[in-house]
Amino acid sequence: MLDGKKTILLSILLVAIGSGTVLALSITKHLPQIVLPSTSPKITLVDQATLDSLPKKSASSANVGRLASGIIPPTNSWLSGMVLQSTPLPVYPMPLSFLAKDNGFEIGLPTVSSSATVISGEHTPGITSQISGATGFQLSCYDKVSATLSYLNGSQPVGKLTLAEGSPFVFYHALGASTLNLSGLGAIVSSSSNYLRYTKAGHDYVVATNGATINKSANTATITLNKDNLVTFYTLPGSGDDALKTYAGNELSEVTTGYGTDKNNSTTTFNYKTTNNKPTVFVPMSYSRLASGGAKLTTYDSIYGPMSAVSGNSFTLNTPLVSANTKLDLSHLTTTHRQQLIATLQSDVAKTTITPTDSYFAGKQLARAANLLDIAEQLGQTTQVNQLKTILDNAFTARLGAKYFYYDSTIKGIAAQTSAFGSQDFNDHHFHYGYFIYAAAILGKYDVDFVINNQKQINLLVADIASYDQTPNFPIERNFDPYAAHSWAAGLAPFADGNNQESSSEAINAWNGVAAWADITKNSQLQASATWMLSSESATAKAAWRTVDTTPGYLKNYKAPLTSLNFGGKRTYATFFSDELGVKLAIQLIPMSPVMTDLSADPYINSALGASITNNNYNVTLGDYDLMYKALADPAKALGLVGSQKDSFIDDGNSRTYLEAWVYALNDK
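All of these numbers come straight from a predicted model, not from anything done at the bench. (Residues numbered from 1 in each chain as written. Predicted model: local features only at pLDDT ≥ 70, side-chain atom pairs only at ≥ 80, totals over all residues. Heavy atoms only, no water.)

(A) Representation of the pattern of salt bridges. Overall, the coordinates contain 16 salt bridges when judged by the stated rule. For D204, the salt bridge is made with R197, and the minimal N-O distance between the two is 2.8 Å. With relative accessibility at 2%, the residue D204 sits in the buried group. Residue R197 is classed as buried on the basis of its relative accessible area of 6%. Taking the shortest distance from any N to any O, the salt bridge between D374 and K445 comes out at 3.0 Å. Of the two residues, D374 is situated in helix α4 (residues 359-379) and K445 in helix α6 (residues 429-446); the sequence distance between them amounts to 71 residues. Owing to a relative accessible area of 2%, D374 belongs among the buried residues under this scheme. Through salt bridges with shared partners, a single network forms among D348, K351 and R368. (Salt bridge = Lys/Arg side-chain N within 4 Å of Asp/Glu carboxyl O. Buried < 20%, exposed > 50% of the residue type's maximum accessible area, 1.4 Å probe, protein only. Helix = DSSP H or I, 4+ residues; strand = E, 2+ residues; numbered from the N terminus.)

Listed below in structure tokens is the structure:
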């Protein structure tokens, strides 16, 4: 850990469910520690013996040579492509773009443009710097929001560079005498021995020094540094006054993240700590609701719209609270619908098998069977209940062990022996395991023996994607990005546009399942963290996937009804697997678990479906989920269509029973 000043620290404020008591958690990389009131002892998520029972291997293609000793690989992160690829790729710590190189770096402020189906904010090299003598870099420490790179000459540290999501600053701190060589400067606005500002590609770029000396020549500059000199690089969105200059010398050391809930809101608090304890600048995502922070300084363009910069050190965001839900309300069914549902249930249970050997399709079938179990329990169908319990118990027994999963000793997580969609590189784990955990929560609700016998094994899957504790075996909340307020799906992010997420709804399903499992296992710490992630993911899915605000002029050319695939530097109306219009919508709906009845508040359901479905024909790929979305806005219309949905167009993670139950429940209120 470079100079001992920065640890991977996540300070968390939890509100115990139903108690109103604030719990303070402090989780440190090398010494995991949770400080709680004596009435709330630490709950250990991972049983070491159960973890040790899994085979160990390293099957990922990750390049971990850029990680300092003891650093857990940051898979599924905004910075993954920078440090886990053989050739570093650009990353997008909004509002900036950044590209690390072995002998230097590039910093950019993307120029956002739009077309009918793409919003682009690709990396732009506004500042290009070489570090004299540097031969490589390592990730020396990181937290959920910030990262520090150590630049090396062989094995000798030359300097450290710190950048963070939500910060317009990049800090270079010399660890010895060194030189930075800047090239490709634009039109000079202002220049002195400690300040340089120039305009390039429509943006202003600034270099400010504390102790170091700037010497400019033509379109290049040389910065001469001695030990502990600081150089701050930043961008300005326009040509006006430099509103950030006052804060440029306040070097960022780390960002800690806190969260909490009350009856109506989920909150996220960021503490941007500086080495001199003075204020810095925070630029929240355009869709974030800033509840506390300093004065507005300036505004940046982004692929999501305008981002307002504010000053301070502590910043709190609010989102509406979403609680876990794994149960459709069937208490008001008419006699006719109840009888129809029982008949459909009997048919679906009779043909229920769980056969896939990978973690994605097996997970979907587990969740399908679990939804049938919950419906069977509500309808009092004892025969089907017992059949489904047996099917689920046998399926879990066959999968929760060494024949099915292994522990990746390099990546530090659980992966399936049979890969799917790059799961060996930790792609989509929250999608895959979200189904497993959701199904386990439903089965556990009705079968206490299942929980007794399998809690430790399920907890390993939970730990892989949603650990609230930093340990040597798992990272904290692997997939979830608290600044972006959503998850990242690509394990290693092999894209020049940054990391990405396609199915926002499967991410919602994951945190819904984790929160429900936490309730079954009486884990208040897990429930609090999962509820926070569920609330954040749900709000962002609505604001950044299912809707697009094209009010800003640079976004006006975008004509699609939603964005179905978002990267760090790009939003698109596309998917990785299909160009069907109905699929582009449905991938934001699948699997329509009960928590997603909240989507009834979407004001654009009919317009989205009008752009995705032709002539009310839902017999298209994933069209069953589109029909369920229709039912939220027009239950009567969906009721008239559900009978014509063909079995061949009901997804393998869905069933006619669940489809009918969804539509009937919305009609029979």
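Now that the structure is up, let's keep going.
(B) Representation of the pairing of strand β11 (residues 156-164) within the structure. Most of β11 is tucked away: seven of the nine residues are buried. Across four bridges, β11 lies against strand β12 (residues 169-174) in antiparallel orientation. Counterpart to G159 in the pairing with β12 is A174. Hairpin connection of β11 to β12: four residues between the antiparallel strands, including G166 at a positive phi of 80°. (Pairing = 2+ DSSP bridges.)

(C) Local environment of the sheet that holds strand β5 (residues 104-108). Strands sit in the order β4-β5-β8-β13-β18-β17 across an open sheet of six strands; the sheet is antiparallel. Looking at the sheet topology across the chains shown, the edges are occupied by β4 (97-101) and β17 (213-217). The average undirected angle you get between the axes of adjacent strands in this sheet is 20°. As judged from the five bridges shared by strand β13 (residues 178-183) and strand β18 (residues 220-225), these two strands associate in the antiparallel manner. Looking at β18, one finds that N181 is bridged to T222. (Axes fitted to C-alpha atoms, helices over the stretch in contact; angles between N-to-C directions.)

(D) Highlighting unusual backbone geometry. The omega torsion across M94 and P95 is 10°, close enough to zero to call that bond cis. The omega torsion of the bond from I590 to P591 falls at 10°, within 30 degrees of zero and hence cis. Mapped onto the secondary structure, P591 falls in the loop between α10 (581-586) and α11 (605-610). Positive phi is not limited to glycine here, since M592 has a value of about 55°.

(E) Seen up close, helix α9 (residues 524-545). Compared with an ideal rise of 1.5 Å per residue, which puts 22 residues at 32 Å, α9 spans 30 Å between its outermost C-alpha atoms and is within 8% of the ideal. In terms of residue burial, α9 counts as a mostly covered element, since 18 of its 22 residues are buried. The opening residue of α9, the one whose side-chain oxygen lies 3.2 Å from the backbone nitrogen of Q525, is N523. (Expected span 1.5 Å × (residues − 1). Polar contact = N/O pair within 3.5 Å; in protein donor to acceptor, adjacent residues only side chain to side chain.)

(F) Spotlight on empty space enclosed by the protein. By the definition in use, this model includes five cavities of 30 Å³ or more. Reported here for the second largest cavity is a volume of approximately 120 Å³. If you trace the second largest cavity, you find 15 residues lining it, with Y92, M94, E165, W488 and G568 closest to the centre. Residues of the lining of the second largest cavity, tallied by class, amount to ten nonpolar, four polar and one charged. (1 Å grid on protein atoms, 1.4 Å probe; cavity = no way out; pocket = protein on both sides within 12 Å on 5 of 7 lines; lining within 4 Å. Points joined across faces, edges and corners; volume = space filled by probe spheres on them. Nonpolar A, V, L, I, M, F, W, Y, C, P; charged D, E, K, R; others polar.)

(G) Representation of the sheet that holds strand β32 (residues 565-567). Pairing in this open sheet of five strands is antiparallel, and the strands run β6-β7-β33-β32-β31 from one edge to the other. Strands with a single pairing partner mark the edges of an open sheet, and in this sheet they are β6 (113-114) and β31 (500-501). With two bridges joining them, β31 and β32 adopt antiparallel strand pairing. In the sheet register, Q501 faces β32, and the bridge partner there is N566.

(H) Looking closely at the environment of A496. Relative to the elements of secondary structure, A496 occurs in the loop between β30 (486-487) and β31. Residue class for A496 comes out partly exposed when judged on its relative accessible area of 45%. In this structure, the C-alpha to C-alpha distance between A496 and T390, residues 106 residues apart in sequence, is 47 Å. Apart from residues lying up to four places away in sequence, A496 is in contact with P90 and Y92. (Contact = heavy atoms within 4.5 Å.)

(I) Layout of the environment of P93. Assignment of secondary structure puts P93 in the loop between α2 (80-83) and β4. For P93, a relative accessible area of 1% corresponds to the buried category. In this structure the C-alpha to C-alpha distance between P93 and Y483, which are 390 residues apart in sequence, comes to 9.5 Å.

(J) Quick look at the confidence of the model for the chain. The predicted model of the chain has a mean per-residue pLDDT of 93, with 94% of residues at 70 or higher. Of the regions scoring below 50 in pLDDT, residues 1-39 engages in 110 contacts with residues more than four places distant in sequence or in other chains. (pLDDT = per-residue confidence, 0-100.)

(K) Molecular detail of the layout of surface pockets. For the largest pocket, the calculated volume is near 560 Å³. Lining the largest pocket are 27 residues, and of these Y360, F421, E502, F577 and I587 sit closest to its centre. Here the element with the most residues in the lining of the largest pocket is α4; it accounts for three residues. Tallied by class, the residues present in the lining of the largest pocket amount to 15 nonpolar, five polar and seven charged.

(L) Region of the structure containing the packing of helix α3 (residues 335-350) against α4. Where α3 contacts α4, the two axes come as close as 11 Å, and the packing angle between them is 140°. One finds that α3 runs oblique with respect to α4. α3 and α4 meet at a crossing whose hand is left-handed. Between α3 and α4, the contacting residues are R338, L341, I342, L345 and D348 on the first element and R368, L372, I375, A376, Q378 and L379 on the second. (Parallel < 35°, antiparallel > 145°, perpendicular 65-115°, else oblique. Left-handed = near helix turned anticlockwise from the far one by under 90°.)

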